[in-house]
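# Remarks on the overall topology
What follows is the residue order along each chain.
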Amino acid sequence: MLGNLFSVPRQPFLFLIIAFFSVALLVPNISFAAFGASPPFLNATHLVKGAKYRQVIYLVRDNADEALPIKADLALSERIRPWVTLLQGNTFTIPQGTRQFPVEILINVPPTANLGVYSGAITFGSQPQEAGQVTLSLGIEIPINLTIGTDIYRDIKVRLVKLLDIEEGWSPRVYVKFENNGNVPEKFDSATYELFDSFKDKRFAISQKRNDFPEIAPFTTQEFTVDFPVDFHLGIGQYWGSVTFYQGETVVGSQTTIFNVLKRGSLSNPVNQFLSLLKLDSLWPYYLLGIVALLGIFLWRKRLQKSRKIGQV
Amino acid sequence: MEETNPLPKLSLYILGSIFVLTLFAIAQTVFGAGGTVNVSSLVVVGNSAPTVSNVVLNGGSLITLITNATTAITVGYTVTDANGCNDVFQSGSVTSTVFRSGVGAACTANNANCYILHTTTTNACTGNASTTNATTTFGLYYFADSTNGASSSYAAQYWEASVLLADASSATSTASSTNQELDVLNAIDITTSSINYGTVSANANTGGTNQYATTTNAGNSSTTVRVHAISTLTSGANSMATSSQVYSTSSFTYAGTSTALTDTAVTISGLLMTAPTSTATTTYARTTFWGLGVPPSTATGSYTGTTRFTSLWQP
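Thresholds applied
- Per-chain numbering applies: the sequence of each chain, read as written, is numbered from 1 onward.
- Written order decides the labels, with chains lettered from A and ligands numbered from 1.
- This being a predicted model, a pLDDT of at least 70 is required before a residue's local features are given, and a value of 80 or more before pairs of side-chain atoms are given or counted; all residues contribute to the totals for chains, interfaces and linings.
- Every helix listed is a DSSP run of H or I at least four residues long, and every strand listed is a run of E at least two residues long, numbered separately from the N terminus.
- Neighbour counting defines burial: a residue surrounded by 20 or more other C-beta atoms within 10 Å of its own C-beta is buried, one with 12 or fewer is exposed, and intermediate counts give partly exposed, using backbone-placed C-beta atoms.
- We call two residues in contact whenever the C-beta atoms placed from their backbones are within 7 Å.
- As a per-residue measure, pLDDT reflects the predictor's confidence and takes values from 0 up to 100.
- When residues are sorted by character, Ala, Val, Leu, Ile, Met, Phe, Trp, Tyr, Cys and Pro go into the nonpolar class, Asp, Glu, Lys and Arg into the charged class, and all the rest, Gly among them, into the polar class.
- At least two DSSP bridges between two strands are required for those strands to pair.
- Throughout the structure description, domain borders are defined by an automatic or database domain assignment.

## As for the overall build of chain B
When its secondary structure is counted, chain B shows 2 helices and 19 strands. Counting over 315 residues, chain B shows a buried share of 42%. Considering only residue pairs separated by 6 or more positions, chain B has 73% of its internal contacts joining residues 24 or more positions apart.

## Some details on the overall build of chain A
A tally of regular secondary structure across chain A gives 3 helices and 17 strands. Put simply, 69% of the contacts in chain A that link residues at least 6 apart link residues at least 24 apart.

## With respect to the confidence of the model for chain B
Across chain B, the average pLDDT comes to 89, with 88% of residues at 70 or higher. Interface scoring of the predicted complex returns ipTM 0.83; its pTM is 0.79.

## A word on the interface of chain A and chain B
Facing 50 residues of chain A, the contacting portion of chain B comprises 59 residues. Counting residues per element, the ones that place at least two in the side of chain A that touches chain B are β1 (35-38), β3 (52-61), β8 (116-126), β9 (134-148), β10 (156-163) and β17 (250-262) of chain A. A per-class count over the side of chain A that touches chain B returns 24 nonpolar, 18 polar and 8 charged. Relative to strand β10 (residues 194-195) of chain B, β9 of chain A runs antiparallel, the two sharing 2 bridges. Residue pairing across strands places Thr-135 of chain A opposite Ser-194 of chain B, the latter belonging to β10 of chain B.

## Quick notes on the domain arrangement of chain B
Residues and elements named next belong to chain B. Each domain of chain B was delimited in the assignment, giving domain 1 (51-176) and domain 2 (188-313). Summarising the inter-unit geometry, the C-alpha centres of domain 1 and domain 2 are found 44 Å apart. Listed as interface residues are 12 residues of domain 1 and, on the opposing side, 10 residues of domain 2.

## Re the domain arrangement of chain A
Under the domain assignment used here, chain A contains domain 1 (31-148) and domain 2 (156-281). Here domain 1 of chain A and domain 2 of chain A have C-alpha centroids that lie 38 Å from each other.

## Examining the sheet that holds strand β2 (residues 70-80) of chain B
Residues and elements named next belong to chain B. One open sheet holds the 4 strands; their spatial order is β1-β2-β6-β5, and the pairing between them is antiparallel. Each edge of the open sheet carries a strand with a single partner, namely β1 (51-57) and β5 (122-123). Bridge count between β5 and strand β6 (residues 131-141): 2 bridges; the pairing is antiparallel. Across the sheet, the residue bridging to Thr-122 is Thr-135, located in β6.

Structure representation (structure tokens):
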């Protein structure tokens, strides 16, 4: 005769002990966490040969009372498997207290890759502690779709335009968060900055910029600061600024808001203060001219001294 | 010749001056009050309309939600009022709205696409300064509409924040943030952490007694569920075939209409969970029913294993 999975001991004392531990093992843990991912797919459909694509996928859960070990399984064809890298590795742990855990997926398309459409999936699965007879684990499958083509695809988004507080005597500064989702480098073509008084009644200056914008690589997001030199001394106080960024004739980002001009040294260290005082960015031709003139005088005097010595001899 | 001594003459002038000043001082003292001319000055400080600017939603970043919970999203903005910030924060009002562009800033509050708050979470209004930075924090539900990319629910739309100020004189100002995307979230929740079949004899099965695992959609997208055994039921060196466990989307008497569990993930047929639109989790919950058939010649013991439920986004 075949035995039972759980045999019942005859000794009452032993039975009680086993029953106690059995109940402890069999009672389900009710504080189970939901688990998922955002976004739950990776669609890189405008790749070109040699492209480097990066996407962050957040593994998310609602209950972060405990650290959660995760294992990633890559179901990718042999051809594209070497292209895909998980920055966190294939096994990692979501720390206790973390509800959104970023996983960076890098796609490096080789310059020799064949044009085409490739697909696969990555599954992230939780590795929970044993909770009973059949422990339940949660997972999320991330479909991966890659298209390698030759088209030029342009897609930019200016996520943030912020007029920064500055120090007395500085040029107005604008902080920009630029997202390039296309497969070619992108940058602003031009920008205008209008400076107003604290009531926005009187315009003090207008500055136009047509170059010196940073170039943002394909599939990347970059944050940077743009200076707008103005022929107006900005004393301590509040001012309104209005900035507009263009690509061609199209407005791609703008902001109109108040900003503060603070006393010298409020934002920068002494070295920066000194350099700022020199205004190298706008006055460099004069400095260059001065250095050349000094060098000329120096050489002229040296030559004069030499000719005098020869005369004396 | 007449003798001229200038000193007495000078003394006379000085004494005279002191006398006149003394008289003036006495007159001021005696008749001061009555002689003072009161000049009333009336200055009416007019109302200056407030201005809101620099509205930033979620710090200018993509919005990523948390499963089965709310996610704190900030709206930052700058308030300027020449009458001082108290004119807005104490005597006036601030209304912040976070919304999907398709419903507009004048939307009706709805956890899927429109959040409205009439309070500020933090503001730096001290000393009645004319310019103040403030933030309002919202709790966005896990089922808020996604807008990020072609695979989202509202691909052509975006999320935006709008702030409306009013001062004590009901002068108003409004401004909006730059556009932000809200990402697609795919997630499931299971109400139990294990399935327990109890004691089952070898060459026997659970019959009409099913175990349950209730799955809930905990994201903002439709999802299917795939199941497989990560490790089959094992007791020391002994194990049972993975297919010993069976499941179905309705109750069954072993094996009935059930499907055998496999070692590779298989989508549970007929279990598509649509995106939730409210917190009524029972509406979006689906139950899978489980049974076990212990093969003949299985050794006695406590068997344990692990089964994975994997969510897979569905367009």
